[in-house]
Amino acid sequence: MQSIPLTDRFGRQITYLRLSVTDRCDFRCTYCMAEDMVFMPRSEVLSLEELALVAETFIELGIKKIRVTGGEPLVRKNVIELLQHISSQPELHELCLTTNGSQLENMAEVLKRAGVNRINVSLDSLQASRFKSLTRHGELDTVLAGLDKAVQVGFDQIKINSVILKHFNFDEICDLTEFALNRGIDISFIEEMPLGTIHSHSRELEFVSSEELRHALSAKFQLSPSEYSSGGPARFWRAQGYNNLVGFISPHSENFCATCNRVRVTATGRLLLCLGNEHSIDLKKIMRTFPASQQKNALKRTIVQAMTIKPEKHEFDLAHEPQILRFMSATGG
Ligand code: SAM
Ligand code: SF4
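The shown structure was predicted, so the numbers you read here are calculated from the model rather than taken from an experiment.

Peer 1: Whenever I open this one, the packing of aromatic side chains confuses me. Can you help?
Peer 2: In this description, a pair of aromatic rings is defined by centroid distance and the angle of the planes. A full pass over the atoms with the stated rule returns five aromatic pairs. Ring geometry for phenylalanine 27 and phenylalanine 131: centres 6.1 Å apart, planes at 85°, overall edge-to-face. Of this pair, phenylalanine 27 sits in the loop between β3 (16-20) and α1 (48-60) while phenylalanine 131 sits in helix α4 (residues 128-135), placing them 104 residues apart in sequence. This pair shows no difference in class: phenylalanine 27 is buried, exactly as phenylalanine 131 is. Summarising the aromatic geometry, the rings of phenylalanine 221 and tyrosine 242 are spaced 6.0 Å apart at their centres and angled 55° between planes, so their arrangement reads as tilted. Remark: tyrosine 242 occurs in the loop between β10 (235-239) and β11 (245-249) and phenylalanine 221 occurs in the loop between α8 (210-217) and β9 (223-225); sequence separation between them is 21 residues. Looking at lysine 65, its charged tip hangs above the ring of tyrosine 16, at a distance of 4.3 Å from the centre.

Peer 1: Just checking my understanding: could you explain the site of ligand 2 for this structure?
Peer 2: Residues in close proximity to ligand 2 include Cys25, Phe27, Arg28, Cys29, Cys32, Met33, Gly71 and Asn100, which together make up its full environment. Looking at the shell around ligand 2, its residues break down into five nonpolar, two polar and one charged.

Peer 1: Hey, could you run me through the side chain of arginine 262 in this one?
Peer 2: Inspection of the secondary structure puts arginine 262 in strand β12 (residues 262-265). Despite its burial, arginine 262 pairs with no opposite charge, the nearest such side chain being aspartate 8 at 11 Å. Polar contacts involving the side chain of arginine 262 include one to the side chain of asparagine 261, which spans 2.7 Å.

Peer 1: What is the right way to read unusual backbone geometry from this model?
Peer 2: Most peptide bonds adopt trans geometry, and most residues besides glycine take a negative phi value. The phi angle at asparagine 78 is positive, at roughly 60°, despite the residue not being glycine. Looking at the element boundaries, asparagine 78 is found in the loop between β4 (65-69) and α2 (79-87). Here asparagine 78 falls in the partly exposed class, since its relative accessible area comes to 41%. Phi angles above zero are rare outside glycine, and arginine 136 is one such case at about 65°.

Peer 1: Teacher, can you tell me more about the pairing of strand β7 (residues 157-163) here?
Peer 2: Taken residue by residue, a regular strand's side chains alternate between the two faces of the sheet. Among the seven residues in β7, seven count as buried, and that is most of the element. Taking every second residue as pointing to the same face, both faces of β7 are buried, with Gln157, Lys159, Asn161 and Val163 on one and Ile158, Ile160 and Ser162 on the other. Bridge count between strand β6 (residues 118-122) and β7: five bridges; the pairing is parallel. In the strand pairing of β7, valine 121 is matched with isoleucine 160.

Peer 1: Just checking my understanding: could you explain the site of ligand 1 for this structure?
Peer 2: In the vicinity of ligand 1 there are 19 residues, among which Tyr31, Gly71, Thr99, Ser122 and Met193 approach most closely. The backbone of tyrosine 31 places a nitrogen or oxygen atom 3.1 Å from a nitrogen atom of ligand 1. A distance of 3.0 Å is found between a nitrogen atom of ligand 1 and a backbone nitrogen or oxygen belonging to glycine 71. Burial of ligand 1 by the protein amounts to 96% of the accessible area it has alone, namely 540 Å². Those elements that provide at least two residues to the shell around ligand 1 are β5 (94-99) and β7. For the shell around ligand 1, a count of residues per class yields six nonpolar, nine polar and four charged.

What counts, and where the lines are drawn
Residues numbered from 1 in each chain as written. Chains lettered and ligands numbered in written order. Predicted model: local features only at pLDDT ≥ 70, side-chain atom pairs only at ≥ 80, totals over all residues. Heavy atoms only, no water. Phe/Tyr/Trp six-rings, centres within 6.5 Å; stacked < 30°, edge-to-face > 60°. Helix = DSSP H or I, 4+ residues; strand = E, 2+ residues; numbered from the N terminus. Buried < 20%, exposed > 50% of the residue type's maximum accessible area, 1.4 Å probe, protein only. Lys NZ or Arg CZ within 6 Å of the ring centre and 35° of its normal. Near = heavy atom within 4 Å. Nonpolar A, V, L, I, M, F, W, Y, C, P; charged D, E, K, R; others polar. Lys, Arg positive; Asp, Glu negative; His and termini not counted. Salt bridge = Lys/Arg side-chain N within 4 Å of Asp/Glu carboxyl O. Polar contact = N/O pair within 3.5 Å; in protein donor to acceptor, adjacent residues only side chain to side chain. Pairing = 2+ DSSP bridges. Areas by Shrake-Rupley, 256 points an atom, 1.4 Å probe, with all protein chains shown as cover.

Now the structure itself:
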């Protein structure tokens, strides 16, 4: 079957898939999960074969970039086999991974060999006790050792992602930026999104806009807008005197929906057409209903059809939470 570019009602071409391989995680970041998370039963989670089929199908439909995520993708058993399979698809341009870094020291080399091009590592604090309280379980030293290993192995791009909360880590943005830029790593700051009900803090009171972040960074860095695009939602700025970039992902303050080029598939096989809306299609049901010989064509028909319900934009409202009950970890961040 010839490849059909996926285009939605608003003329946006969908070329980027974020594929979640698990909703489980070894951390419990306060903004991402509740402390007492209940995870999906394993029978509900797509098998590696089903994940591979989903990836292949999307690539045949014109997807050029896949980001494997979770939950924590590196806690999924045998995830390397899946990554190898995906990266071996000739039509795919880029295989990316988002990780909390807890397994990176041991896995960076094998990830590189498996064909991963770019890695995003989440890091919200450089202070060990604060890092522990933000992630509830994370060890800062382990993540930093993982980052060092990733730099040593050498990926096409390594980027730190930091979610900034006003009273938790806003005071660290210059330190985080300096840490990244001095290591030849890019960094993106993310505005917290209201996904799932949390009790650790008020998302509204912790909100810091990207504009405020840039203002605070200007005390130490001279930033100027860059034309660079990673094909994702981040808008990048260049810091004078450094080769790397500082990005801002601003779902609240600088809406990026007009250029949306992506969809998500959750670990349970739900095709999510928008992070901030519930429009979705159950791909697992299709794979588990049709005989193997018909699954790919049935998936293709369904995915093409799903483009007609992709919403125009997300409608996050921090003052009236929650609008979206699923957590980021269940969404595939
Ligand atoms: N476990 C991996 C990690 O932490 O990088 C991958 C999954 S995690 C859900 C992906 C990204 O989503 C992380 O960078 C995390 O900081 C971000 N994230 C999680 N919950 C968020 C929220 N409520 N708002 C904004 N970003 C969030
Ligand atoms: Fe786990 Fe990533 Fe969510 Fe933190 S942000 S709890 S590391 S899935």
